[in-house]
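What follows is the residue order along each chain.
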Amino acid sequence: MTTGIGARVLRKEDRRFITGNGNYVDDINVNGQYYAAFVRSPHPHAEIGSVDIAGAKASDGVIEVLTGAEVAADEIGGLPVGWGITQTNGEPMVEPAWPILAQGRVRFVGDAVAVVIAKSIDAARDAAEMVNVSYTPIPAVIATEDAPKDGAPQVWDEAPGNTSFDWEIGDKAAADQAFEGAHHVTKLELVNQRLVPNAMEPRAAIAEFNSVSGDLTLHATAQAPHAIRLLLGAFVLQQPEHKFRVISPDVGGGFGSKIYPYAEYAVLCWAARRMGCAIKWTADRSESFITDAHGRDHVSEAELALDADGKFLGLRVNTVANMGAYLSAFGPLVPTFLYATLFAGQYTTPAIYAHVKAVFTNTTPVDAYRGAGRPEATFLLERIVEKAAKETGIDPADIRRRNFIQPDQFPYATPVALTYDSGEYGATLDKALALADYTGFAARRDQSKTSGKLRGIGFSLPIEATGAAPSAIAGQLGARAGLYESAEVRFNPTGSVTVFSGSHSHGQGHATTFAQVVSDQLGVPIENVEVVQGDTSNSQFGMGTYGSRSLSVGGSAIVRACDKILAKGRKIAAHILEASADDIEFVDGNFQVKGTDKAMNIAEVAFAAYVPHNYPLPTGDPAQDENALEPGLNEQAFFDPLNFNFPNGAYICEVEIDPDTGVVQIVDFSAVDDVGNIINPMIVEGQVHGGIAQGVGQALYEGAVYDKETGQLLSGSMMDYTLPRADNLPMIKTGTTETPCPFNPLGVKGCGEIGTIGATPAVINAIIDALGDYGVTDISMPATPEVVWRAMQEGRA
Amino acid sequence: MYSFEYEKAGSVDAASQAIKSDDEAKLLAGGMTYIPTLKQRLASPTKVIDLAGLGDLSGISVSGGTVTIGAMTRHAAVANSAEVQSAIPALAKLAGGIGDPQVRNRGTIGGSISNNDPAADYPAALVGLGATVKTNEREIAADDFFTGQFETALNEGEIVTSVSFPVPEKAGYMKFPNPASRYAIVGVFAAKTGDGTRVAVTGAGEAGVFRVAEMESALGSNWSADAVAGVSVGQGDLNSDIHASAEYRAHLVTVMAKRAVAEAG
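Residues numbered from 1 in each chain as written. Chains lettered and ligands numbered in written order. Predicted model: local features only at pLDDT ≥ 70, side-chain atom pairs only at ≥ 80, totals over all residues. Heavy atoms only, no water.

1. Description of the overall build of chain B
Stated formally: Strands are runs of DSSP state E lasting at least two residues, helices are runs of H or I lasting at least four, and both sets are numbered from the N terminus onward. As a reference, a globule follows 2.2 Å times the number of residues to the power 0.38, and the radius of gyration itself is taken over C-alpha atoms. Between buried and exposed lies partly exposed: a residue is buried under 20% and exposed over 50% of the maximum accessible area for its type, with that area taken using a 1.4 Å probe on protein chains only. Whether two residues are in contact is decided by their heavy atoms, any of which lying within 4.5 Å being enough. His residues and chain termini do not enter the charge count, which takes Lys and Arg as positive and Asp and Glu as negative. One atom stands in for each charge, and that atom is NZ of Lys, CZ of Arg, CG of Asp or CD of Glu.
Counting its regular elements, chain B contains twelve helices and 14 strands. The C-alpha atoms of chain B give a radius of gyration of 18 Å, which matches the 18 Å a tight globule of 265 residues would have. In terms of overall dimensions, chain B has a C-alpha envelope of 55 × 45 × 30 Å along the principal axes. A buried classification covers 55% of the 265 residues belonging to chain B. Summarising the internal contacts of chain B: among those between residues at least 6 apart in sequence, 59% fall at separations of at least 24. On chain B, the mean spot of the 21 positive side-chain charges and the mean spot of the 29 negative ones are 7 Å from each other.

Below, the structure written as structure tokens:
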């Protein structure tokens, strides 16, 4: 079938999006809606004295002005954290309350202090400027490395040393012992800089409360609408789920930043319920920069012990992770179980120990951003491995090959809690070396030299854990929710299929790939399959789309529902074809009696289920009803995976550097990925291309820069925060190795983040390689022209 | 954006009168700086007087060794003009490298120079070529027009109507763009003209565009990239921000000057 699994089907949703017919939250308007504008702190840290709302309240068109005082009076809860970390000393992490409007103190520039609700956006914004907040600024701590220092300003009284948690993983004694006998030790200090997600569509919401029915409806830019309903309803608003509907229509990108139950959504819901009205808010870009949860922000040091043959003996890592001013919903998970559990990489390193200190600062909260912990892990590991190769004189491909986990070692238990599923790391690397023409590199470097350019080559062999999560394991590790996914596959009477999924595409192409899965499983043409997502009233439940989980978990739930459809369909066909269900086989969309030409198409079976004239309906006589069936053909399933899956790859980047300016141009990029079985190769390539662009963004262009004195985000606009553009990238050469994941029925692994995870270290390693003659062994990110130029000046000196 | 009155100018004189009579009124050319400023609520004018409808402010003519560009001529029109490309290719190239296609199709030369953003491209061309700015009141030499960051010699109510560029013997422009905004971190315009050699630098200076006398004299006796290779500008008056330090900008001035001269041929 040309539209089934493995087919390069064009995206069903693209015509709508490309012709401007998407339907985003800001496109939606509710009759009589008001508009909200938030009053935000201009200070990174200040005591709030009085909040004078009189002028704002009297302003034209203003309906209401609310502050933290009303939040407290209404006993509205703080924003919940979805994952708790147990510290090394057995204590729970320090988890300060995050009120939905600040109470007593503001803790970052952008912290919401009040909300103005008015008849127009302009009226709301005009009045917001009239809210007079008397702040008493107090010292702020901004930089990650400053937070743990003695005498640093304290963000929270209950978190001495600004520490939320001190956590470790791995066997410290074993790691220490590995270093004692080491032939060589490579050391590395690095910063994984803070990034701003910058989804194309800013966050937006409309909350609407029906005072008669008591129904609350929230339209929001959400990657996980059911999770938003669960967290806001149960922990913040005390709004029961049957009276709370969350609708997330088309979503224009998220990269993680639209997972969380943000304060603005809670405020809108609370205010709408309090006032019995509908209220709309759309962030402007400046607001997005300072209030969307940021990503990364680690300061680390690491040591790798090697024997005389270049085998890795042990790895020790010490990381300070910046949480920002408050703990965002999954902030604590990112630098722990999404990070340090990946330090084995693709290698057999027997002893690994990692210590992580998570700190508060007076900055925007940090949470999962494309890759979430895994880019930080891969950056650290692939940087130190490449550095070890340079120090020992072993070829960077060869040193990795000497340490690979071999295909016959799976399932492979690492020293840091994970059990890898499958992979052929050596074969993947070989493909990448061929794609990159590694043997021709020396000649290309000479060629570049003749035109005055410095050429370098860099490797990165990423591995990550996707498909969150086996709920029982996640629960043991601190998850406060289940992490399965759900689906409903509904045959309509005349043979078309509607799929309700708990996943929610914000650019991934589920309308196409999920339809391909259903088309393949049920033998119906893809144009007869519609995928419905993003509305808690339609899909039975869902944990949403993030962490490259949708196909392996959400897609698997669809497969399970299709299995149930086929099981029932087989019985219906058996009845109509007057055969035993055991003799019915399903081939190409037809139920047929084995060895005969008697067959029914699945659409005919569906019709029979909805028009049950010749149908095994219950008779009421238990003796006859053993094989009786209810009418209809509509099945639901939940899928909870047995394990994570482990996408992996081999990335090789070549750069040319202009020594006069320090400008880095990526001239070649090869990426070979093992994402298991592939449903739609075009969409996988697109995910890898986009992922690489984002990884390149971190390596060369992006960085959230705060003024350490004022706490202002200096890179707070598109004029100052550099996103990668098309002309920053070469044509990317991609390839795949397909080792099916044994832990889900599709045999798939996630593909949404591997590009981002793999690209960053490959680019940085290539730059350092290019600067080898200057004695450069490290370079900070983003490796802007000035950073590169300075490294050359200092290397030269 | 705060509320304001919008007025479409009927003539240059009427527009001039309108802003003279209202301190809080503001002229709008292409709006590439001013509209975002309004949207961010960083300006609160009483009235915005739009010059877009004044057809006689728009257009390009070349005669007698002079290229004259109307104040409301869009960057894209300059970049794509066969006459400009033929007479002063470096000017066409400069216009074609401003911002992005949307900016080039809205932004105007008059708006750009009247705003005098210290990182804008056009000031380098005006000073680098020794252009003359024509207004509704007088003619102003480019060297006298740009008086400081976002400051010009324009009087209250004075409106730029056109800019005249003498066609040089040779000229080159080389920009090191800010990767985010595409403004110049450093842009150097070098020209050999009938009146001598000029080197103008934009993006780098705290006070906006400036000339580099030492480079001009070096090029005067030896028009070659090597002639400027050893000339560096002091860091004292240069910008330093999150995109580039003064030290790096100073370095780039020399590199971009060499490349501008090389491009000029």
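Once the structure has been displayed, the description carries forward.
2. Some thoughts on the overall build of chain A
Secondary structure summary: chain A contains 19 helices and 28 strands in total. Taken over the C-alpha trace, chain A has a radius of gyration of 28 Å; the compact-globule value for 797 residues is 28 Å, and the two agree within 12%. For chain A, the spread of C-alpha atoms along the three principal axes comes to 90 × 75 × 50 Å. A total of 797 residues make up chain A; the buried ones form 61% of that total. Sequence-distant contacts, at least 24 apart, represent 80% of the contacts inside chain A between residues at least 6 apart. Across chain A, the mean location of the 58 positive side-chain charges is 2 Å away from that of the 96 negative side-chain charges.

3. Quick notes on the pairing of strand S4 (residues 60-63) of chain B
Residue and element names in this part refer to chain B. Test applied: By this definition, two strands are paired if DSSP reports at least two bridges between them.
As defined by bridge partners, S4 adjoins strand S5 (residues 66-70) across four bridges and the pair is classed as antiparallel. Within S5, the position partnered with serine 63 by the bridge is threonine 66. Where S4 hands over to S5, the hairpin turn is made up of two residues, of which glycine 64 adopts a positive phi near 55°.

4. Quick word on the domain arrangement of chain A
Residues and elements named next belong to chain A. Our working definition: Domain delimitation in this document rests on an assignment produced automatically or drawn from a domain database. Once two parts are brought into contact, the accessible area they lose, counted with a 1.4 Å probe and summed over both, makes up the buried area.
Taken domain by domain, chain A holds domain 1 (29-138 + 201-253 + 258-291), domain 2 (371-466 + 643-796) and domain 3 (484-639). The gap between the C-alpha centroids of domain 1 and domain 3 is 41 Å. On the domain 3 side, the residues contacting the 18 residues of domain 1 number 16 residues. Overall, the association of domain 1 and domain 3 removes approximately 1,300 Å² of surface from exposure, summing both partners, and the carbon and sulfur fraction of that is 57%.

5. Re the sheet that holds strand S23 (residues 590-593) of chain A
Residue and element names in this part refer to chain A. Test applied: Angular values range over 0 to 180 degrees, each being the angle between N-to-C directions of two axes fitted as lines to C-alpha atoms, with helices fitted over their stretch in contact.
Judged by pairing direction, the sheet is antiparallel, and its three strands sit side by side in the order S22-S23-S24 without closing on themselves. Sheet topology places strand S22 (584-587) and strand S24 (599-601) at the edges, where each strand pairs with a single neighbour. Strand-to-strand twist of the sheet, defined as the mean angle between neighbouring strand axes without regard to direction, takes the value 20°. Pairing between S22 and S23: four bridges, direction antiparallel. Within S23, the residue paired with phenylalanine 586 across the bridge is phenylalanine 591. Its contacts with the sheet put helix H16 (residues 602-610) on S22, S23 and S24, and the angle it makes with S24 is roughly 80°.

6. Re the domain arrangement of chain B
All names here are of chain B. Let me state the cut-off plainly: Salt bridge criterion: a side-chain nitrogen from Lys or Arg within 4 Å of a carboxyl oxygen from Asp or Glu. Here a polar contact is recorded for every N or O atom pair within 3.5 Å, except that within protein the pair must consist of a potential hydrogen donor and a potential acceptor, and residues adjacent in sequence are included only if both atoms are side-chain atoms. Only Asp, Glu, Lys and Arg are considered charged in this grouping, and only Ala, Val, Leu, Ile, Met, Phe, Trp, Tyr, Cys and Pro are considered nonpolar; every other residue, Gly among them, is considered polar.
The assigned domain composition of chain B is domain 1 (5-166) and domain 2 (170-264). In this structure, domain 1 and domain 2 have C-alpha centres spaced 23 Å apart. Taken together, the contact pairs 24 residues of domain 1 with 23 residues of domain 2. Around 1,800 Å² of area is buried between domain 1 and domain 2 when both sides are counted, 57% of it from carbon and sulfur atoms. Applying the counting criterion to the domain 1 and domain 2 interface returns four salt bridges. If you look at where domain 1 meets domain 2, you find 14 residue pairs in polar contact (both at pLDDT 80 or more). For the side of domain 1 that touches domain 2, the element with the highest residue contribution is helix H8 (residues 122-129), accounting for six residues. Class assignment of the residues belonging to the side of domain 1 that touches domain 2 gives a composition of 13 nonpolar, seven polar and four charged.

7. Here's the deal with empty space enclosed by the protein
Empty space among the atoms becomes visible once a probe the size of a water molecule is rolled across them. Residues and elements named next belong to chain A. The cut-off we apply is this: Put simply, the grid is 1 Å and covers the protein atoms alone, a cavity is a trapped set of points that fit a 1.4 Å probe, a pocket is an open set with protein on both sides within 12 Å along at least five of seven lines, and lining residues have an atom within 4 Å of a point. Grid points are joined across faces, edges and corners, and a volume is the space filled by probe spheres set on the points.
Under the definition given, this model contains four cavities of 30 Å³ or more. In this model, the largest cavity occupies a volume close to 120 Å³. Around the largest cavity sit 14 residues that line it, and Arg40, Trp98, Phe108, Ala263 and Glu264 are the ones nearest its centre. Considering only enclosed or pocket space, the second largest cavity measures out at about 90 Å³ in volume. Lining of the second largest cavity is provided by 13 residues; of these, Trp98, Tyr260, Tyr262, Ser328 and Ala329 occupy positions nearest its centre. Looking at the lining of the second largest cavity residue by residue, the class counts come to ten nonpolar, three polar and no charged.

8. Remarks on the sheet that holds strand S2 (residues 25-28) of chain B
Residue and element names in this part refer to chain B. Spatially, the three strands line up as an open sheet ordered S1-S3-S2, and their pairing is parallel. For this open sheet the edge positions go to strand S1 (5-8) and S2, each flanked by a neighbour on one side alone. If you compare each strand with its neighbour and ignore which way they point, the axes differ by 25° on average. Where S2 lies against strand S3 (residues 47-50), four bridges are found, and the strand directions are parallel. Looking across to S3, one finds that leucine 28 is bridged to aspartate 50. Contacts from helix H1 (residues 12-20) reach S1, S2 and S3 within the one sheet, and its direction differs from that of S2 by about 150°.

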